[in-house]
Amino acid sequence: MIFPELKGNENLKKSLNELEAHNRIPHAVIIDGGNEDTRNLLANHLAMRAVCSGDGEKPCGVCRNCVLAKARSHSDIHFSKGEGKTEIYKKNEIQWIIRDASIKPNISKCKVYILSECDRRFPVISQNVFLKTLEEPMQDVLFIMTCKTSKSLLETIRSRAVTFTLESELSVNGEYLEIAREIALGIVSRSEMDLLKATYKLDERTKALGVLDLLVLLLRDGLAVYLNSKAELDSEIAEQLCKKLTKKNYIELIEITECAQLEITQNVGLKLVATKLCAEYRRALWQR
Ligand SMILES: [Zn+2]
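A short tour of the structure in this document, coming up. (Residues numbered from 1 in each chain as written. Predicted model: local features only at pLDDT ≥ 70, side-chain atom pairs only at ≥ 80, totals over all residues. Heavy atoms only, no water.)

### Concerning the overall build of the protein
Here is step 1: When helices and strands are counted, the protein shows 13 helices and 5 strands.
Here is step 2: Radius of gyration (C-alpha) of the protein: 25 Å, far over the 19 Å computed for a compact globule of 288 residues.
Here is step 3: Split into buried and exposed, the 288 residues of the protein put 47% on the buried side.
Here is step 4: Long-range contacts, defined here as pairs at least 24 residues apart, represent 70% of the contacts in the protein between residues at least 6 apart.
Here is step 5: Across the protein, the mean location of the 42 positive side-chain charges is 3 Å away from that of the 40 negative side-chain charges. (Helix = DSSP H or I, 4+ residues; strand = E, 2+ residues; numbered from the N terminus. Rg over C-alpha atoms; globule rule 2.2 N^0.38 Å. Buried < 20%, exposed > 50% of the residue type's maximum accessible area, 1.4 Å probe, protein only. Contact = heavy atoms within 4.5 Å. Lys, Arg positive; Asp, Glu negative; His and termini not counted. Charge placed at Lys NZ, Arg CZ, Asp CG, Glu CD.)

### Let's talk about the coordination of the zinc ion
Here is step 1: Coordination sphere of the zinc ion, protein contribution only: Cys52 (SG), Cys60 (SG), Cys63 (SG) and Cys66 (SG), at 2.3 to 2.4 Å.
Here is step 2: Its 4 donor atoms give the zinc ion angles of 104 to 117° at the centre, a pattern that matches the tetrahedral case.
Here is step 3: Spacing between the donor residues of the zinc ion along their common chain follows C-x7-C-x2-C-x2-C. With Cys52 in the loop between helix 2 (36–51) and helix 3 (64–70) and Cys66 in helix 3, the pair connects residues that are 14 residues apart, well separated along the chain.
Here is step 4: We classify Cys52 as buried; its relative accessible area is 0%. (Donors = N, O, S within 2.8 Å, 3.2 Å for Na, K, Ca; no water. Tetrahedral: all angles 85-135°; square planar, octahedral: opposite > 155°, others 65-115°.)

### Describing the nonpolar core
Here is step 1: Grouped together as the largest cluster of nonpolar side chains are 42 residues, with contacts concentrated most on Ile183, Leu215, Leu241, Leu253 and Tyr281.
Here is step 2: Here this core gets 10 residues from one element, more than from any other, and that element is helix 10 (residues 205–226).
Here is step 3: Of all hydrophobic cores here, the second largest spans 28 residues; its members include Phe3, Met48, Phe79 and Ile144. (Core = buried A, V, L, I, M, F, W, Y, C linked by side-chain atoms within 4.5 Å.)

### Digging into the side chain of Ser189
Here is step 1: Positionally, Ser189 belongs in the loop between helix 8 (174–188) and helix 9 (192–199).
Here is step 2: Residue contacts for Ser189: discarding those within four places in its chain leaves Asp194, Arg282 and Trp286.

### As for the layout of surface pockets
Here is step 1: Of the volumes computed, that of the largest pocket is approximately 440 Å³.
Here is step 2: Lining the largest pocket are 20 residues, with Asn23, Ile25, Arg49, Ala50 and Lys109 positioned closest to its centre.
Here is step 3: Put simply, the parts of the chain that give the lining of the largest pocket at least two residues each are helix 1 (10–21), helix 2 and strand 4 (141–146).
Here is step 4: Taken together, the residues of the lining of the largest pocket break down into 10 nonpolar, 4 polar and 6 charged. (1 Å grid on protein atoms, 1.4 Å probe; cavity = no way out; pocket = protein on both sides within 12 Å on 5 of 7 lines; lining within 4 Å. Points joined across faces, edges and corners; volume = space filled by probe spheres on them. Nonpolar A, V, L, I, M, F, W, Y, C, P; charged D, E, K, R; others polar.)

### What about the pattern of salt bridges?
Here is step 1: Applying the stated criterion across every chain, the model contains 16 salt bridges.
Here is step 2: Salt-bridge contacts for Asp100 lead to Lys111; the nearest nitrogen and oxygen are separated by 3.3 Å. Of the two residues, Asp100 sits in helix 4 (residues 91–101) while Lys111 sits in strand 3 (residues 111–115), which places them 11 residues apart along the sequence.
Here is step 3: Among the residues examined, Lys111 registers a relative accessible area of 4% and is labelled buried. (Salt bridge = Lys/Arg side-chain N within 4 Å of Asp/Glu carboxyl O.)

### A word on the packing of aromatic side chains
Here is step 1: All chains considered together, the criterion is met by 5 aromatic pairs.
Here is step 2: Ring geometry for Phe130 versus Phe143: centroids 5.1 Å apart, planes at 90°, classification edge-to-face. Here the residue Phe130 occupies a position in helix 6 (residues 124–135), and Phe143 occupies one in strand 4, the gap between them amounting to 13 residues. Comparing Phe130 with Phe143, the two get one shared label, buried.
Here is step 3: What links up through ring pairs into an aromatic cluster is the set Tyr89, Tyr113, Phe122, Phe130 and Phe143.
Here is step 4: Of note, Arg72 hangs over the ring of Phe79, and the distance from its end group to the ring centre comes to 3.9 Å. (Phe/Tyr/Trp six-rings, centres within 6.5 Å; stacked < 30°, edge-to-face > 60°. Lys NZ or Arg CZ within 6 Å of the ring centre and 35° of its normal.)

### Observations concerning the pairing of strand 3
Here is step 1: By the criterion of burial, strand 3 is predominantly enclosed, with 5 of the 5 residues buried.
Here is step 2: Side chains Lys111, Tyr113 and Leu115 of strand 3 all project onto a buried face; the interleaved residues Val112 and Ile114 project onto the opposite face, where all are buried too.
Here is step 3: Here strand 2 (residues 77–79) pairs with strand 3 via 3 bridges, running parallel. Its bridge partner lying in strand 3, Ile77 is registered against Val112. (Pairing = 2+ DSSP bridges.)

Pasting the structure below:
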């Protein structure tokens, strides 16, 4: 599989490769996770692969089918648009898809139907109509549904499709994350020096904003774990924070951090921001 456009996601690429090697790409696919762009990227890739008429590895990217697919003008690849401003997939549209899917492809060997952002666009009533098609899979047809989470689709749909989950896209600067971690641990440390040392590293504006962005994420992670949910960025730090912080603490610490970010964008001196940040964190946690 040649698919450099999709960054990361090594496990997903590996399982796709295996399916492709055995020519076992299923007739119904759900793509969730990632963001809207990466979901569309993968949907288009699978669509192109399905219509590709090149020899060897697919999609070849150069055959007539691939070129048309790339330009989004392949007559066998249908992007459902939905109806009206809300772009909802109404029953009639699904019924049209079912009828159309039973007609032979125009120029390639497969017909592809892409239903995107199903979380908000695919009502249960339409899903029920669609279900019948998945129960009796048609030959040479590929259905692709994209959504933030596959849980938004009926269990009966999910069980008849294969779900590919993309990694969530957090591009993180390692140096910034390290400082954000130090500050987070400094906040819950008994020694004020730990926090002071960490906040002094906010010595440049872009860096300071980047670090504080990540610090907010770490605090949100802590709050998520506190509320029995999952940490997205760093579960280890979240666990550490949870030993010391209450829900009220988290909310106040996030507010203090966001306030400091605002001051940085308003060109308040960084030393002043760092000193104030330190004092505010201490006040929030250690002074009653
Ligand atoms: Zn091709």
